[in-house]
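# Results of the structural survey
Here's the letter readout for the chains.
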Amino acid sequence: MKRKPHIHLLLLPTLLALLALALAPLAAHAQSDTLQGRPLFPNAASDDANLDAANHAANRNAADTTADRLRTLQSLYSAGKYLEALTLSHQMHDTYHLTTQQNLVRLKYTSAAYKDLAYHREADSVSRLYLQKDPFYTATPDDPVPFQDILRNYYTKPKFSVWIAAGVTMAKPLWDTLRSIIDTCYPKYHIQGISMQLGFEYRPFKIFSVSIAPAYTAYTVERKMQRTKVASFLYNEKSQIISLPLLVEAGWYFGKEIFVPSAYFGAQLKYLVRSQYNAYTKTSLANTIEPDYRTDLDTKNRLNYAIFGGFRLNLNRRSITYFADLGLSMDLLPYNDPGKKYSNYHLLYQKLYIPDIYRMAEYKIMVGIKVNMQYKSIAKYHYGHI
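Now for a description of the structure that goes with this document. (Residues numbered from 1 in each chain as written. Predicted model: local features only at pLDDT ≥ 70, side-chain atom pairs only at ≥ 80, totals over all residues. Heavy atoms only, no water.)

### Some points on the side chain of serine 243
In this fold, serine 243 is placed in strand E5 (residues 231-251). Here the side chain of serine 243 touches glutamine 268 through a polar contact of 3.4 Å, side chain to side chain. Setting aside residues up to four positions removed in sequence, serine 243 forms contacts with Ala213, Pro214, Ala215, Gln268, Leu269 and Lys270. (Helix = DSSP H or I, 4+ residues; strand = E, 2+ residues; numbered from the N terminus. Polar contact = N/O pair within 3.5 Å; in protein donor to acceptor, adjacent residues only side chain to side chain. Contact = heavy atoms within 4.5 Å.)

Quick look at the structure:
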């Protein structure tokens, strides 16, 4: 008996293959329709569409330099593509090591892009950061106009400063009491000193500052009195005083002036740390040997107080200020203690001299240098955005 071939077994795979080929175009068409017209993630797709130029600039090959990206940033801003410019700016900040000047250029266009997008607070924040990094910058016509507008509303000032000064001090005694044993005329005084001062300044406002400035002054006091036609009594003293002034200064800082006059006033504590003297009578009839110095602190007002004031001329050179200082101070207590006027027996019995009771009025001329630190940007006319 002859077997029939299983034709239906051969036809089944053939039919299935033909069916698959017929349905493939339909499946492909259905898939493309799903992604056309409306994206699956509208927000993400919208951001991607807006930031294509910035992403393209950020993904350039390794040979692309930071300078090229800065030029791209300027081009994106000039073309009005502010979102792209901001994205590129942030990528440059996060990815690349920028020099100070390159970062300033980036901040300039970042601020302008924020301003053009009406993000006023962000634009102001970036501009203030720019001024902190370059507090002496003045906007130029080449800068973006929004950036120029923002900078007109701010000025900068140093929040803290450290200064050092040195100079000479001259003092005049203001007599309270002159007591005499054998002398019949007024003495002649010559008081001078050398001062050094270290100041720490805080500036809460642009034209006002507060400083505390410890100072050290070494004095020489020369007192001469004619006792007879051929003899004169000499009293010489060397003293060292540490003072602690607290002063308030007001300067003509209304712009970016180079030469700025200022005035100051304040009060200070003064503490006498050392005092030595010698006293002798000098005659023209014989050679006189000058005696050794003796220590004498007990008869002085070691703690004294003074008020002072003065003027300065400041020369500003970016973060460095050079100044010349002319000041006057007045002691509130006598230099010698009136209650101990008879306590120095050596002067009283051997030299026939009672220390004079006087206060010192001091004149000082000093020069110094100030280093300004931590600049702060301040809004003019209550400018700002909430």
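### So, the packing of helix H5 (residues 82-95) against helix H6 (residues 100-116)
Relative orientation of the contacting elements H5 and H6 amounts to 145 degrees, with a least axis distance of 9 Å. Pair H5 / H6 crosses with left-handed handedness. Together, Tyr82, Leu86, Ser89, His90, Met92 and His93 of H5 and Arg106, Thr110, Ala113, Tyr114 and Asp116 of H6 make up the contact between the two elements. By residue class, the composition of the contact of H5 with H6 is 5 nonpolar, 4 polar and 2 charged. (Axes fitted to C-alpha atoms, helices over the stretch in contact; angles between N-to-C directions. Left-handed = near helix turned anticlockwise from the far one by under 90°. Nonpolar A, V, L, I, M, F, W, Y, C, P; charged D, E, K, R; others polar.)

### Considerations on the side chain of asparagine 278
Examined against the element boundaries, asparagine 278 turns out to sit in strand E6 (residues 259-283). For asparagine 278, the side chain forms a polar contact with the side chain of glutamate 290, separated by 2.8 Å. Of note is the side chain of asparagine 278, whose polar atom sits 3.3 Å from the backbone oxygen of proline 291. Not counting residues within four places of it along the chain, the set of residues in contact with asparagine 278 comprises Leu234, Tyr235, Asn236, Glu290, Pro291, Asp292 and Tyr293.

### Observations regarding the pairing of strand E2 (residues 188-202)
In the sheet, strand E1 (residues 154-177) pairs with E2 via 12 bridges, with the strands oriented antiparallel. Counterpart to valine 162 in the pairing with E2 is phenylalanine 200. Here 10 bridges tie E2 to strand E4 (residues 215-226), and the two strands are oriented antiparallel to one another. Bridge pairing links histidine 190 to glutamate 222 in E4. Of the pairings in the sheet, the one linking E2 to strand E3 (residues 208-212) comprises 3 bridges and is antiparallel in character. Looking at E3, one finds that phenylalanine 200 is bridged to isoleucine 212. Counting the residues that bridge the hairpin from E2 to E3 gives 5 residues. (Pairing = 2+ DSSP bridges.)

### Comments concerning the pattern of salt bridges
Counted by the stated rule, this structure contains 13 salt bridges. We note a salt bridge from lysine 108 to aspartate 143, for which the minimum N-O separation is 2.8 Å. Taken together, the residues span a long stretch of sequence, with lysine 108 in helix H6 and aspartate 143 in the loop between helix H7 (120-133) and helix H8 (145-151) at a distance of 35 residues. Classification of lysine 108 by relative accessible area gives buried; the value is 11%. Overall, aspartate 143 belongs to the buried group, its relative accessible area being 7%. Between arginine 223 and aspartate 356 there is a salt bridge, and its shortest N-O distance comes to 2.7 Å. With arginine 223 in strand E4 and aspartate 356 in the loop between helix H9 (345-350) and strand E10 (357-379), this pair connects stretches of sequence that are 133 residues apart. Residue classification places arginine 223 among the buried residues on the basis of a relative accessible area of 3%. Exposure remark for aspartate 356: the relative accessible area of 1% places this residue in the buried category. Through salt bridges with shared partners, a single network forms among Glu201, Arg203 and Lys370. (Salt bridge = Lys/Arg side-chain N within 4 Å of Asp/Glu carboxyl O. Buried < 20%, exposed > 50% of the residue type's maximum accessible area, 1.4 Å probe, protein only.)

### So, H6
Its 17 residues place the ends of H6 25 Å apart at the C-alpha level, agreeing with the 24 Å of an ideal helix rising 1.5 Å per residue. In terms of residue burial, H6 counts as a mostly covered element, since 13 of its 17 residues are buried. Directly beyond the C-terminal end of H6, a positive phi value near 70 degrees is found at alanine 118. (Expected span 1.5 Å × (residues − 1).)

### Describing the packing of aromatic side chains
In this structure the tally under the stated criterion is 18 aromatic pairs. Ring plane angle 70 degrees and centroid distance 5.7 Å describe the contact between tyrosine 77 and tyrosine 109, whose orientation is recorded as edge-to-face. Of this pair, tyrosine 77 sits in helix H4 (residues 66-78) while tyrosine 109 is found in helix H6, placing the two residues 32 residues apart along the sequence. Here the two residues tyrosine 77 and tyrosine 109 agree in accessibility, since each one is buried. Consider the rings of tyrosine 137 and phenylalanine 147, whose centres lie 6.4 Å apart with planes at 50 degrees: the pair is tilted. Residue tyrosine 137 is found in the loop between H7 and H8, and its partner phenylalanine 147 is found in helix H8; the two are separated by 10 residues along the sequence. When its relative accessible area of 16% is taken as the criterion, tyrosine 137 is described as buried. Counting every residue linked through ring pairs, the aromatic cluster contains Trp175, Tyr186, Tyr189, Tyr335 and Tyr358. It is arginine 227 that lies over the ring of phenylalanine 233; its NZ or CZ is 4.2 Å from the centre. Across from the ring centre of tyrosine 293, 4.7 Å away, lies the NZ or CZ of lysine 238, which sits over that ring. (Phe/Tyr/Trp six-rings, centres within 6.5 Å; stacked < 30°, edge-to-face > 60°. Lys NZ or Arg CZ within 6 Å of the ring centre and 35° of its normal.)

### Regarding the environment of valine 273
Along the chain, the position of valine 273 falls in strand E6. By relative accessible area, which is 31% here, valine 273 ends up partly exposed. In the structure, valine 273 is positioned 34 residues away from serine 239 in sequence and 7.6 Å away in space, judged by C-alpha atoms.

### Quick look at the environment of glutamate 122
Locating glutamate 122 in the fold gives a position in helix H7. Assessed through its relative accessible area of 36%, glutamate 122 is described here as partly exposed. Spatially, the C-alpha atom of glutamate 122 lies 9.3 Å from that of threonine 110, the residues being 12 residues apart in sequence.

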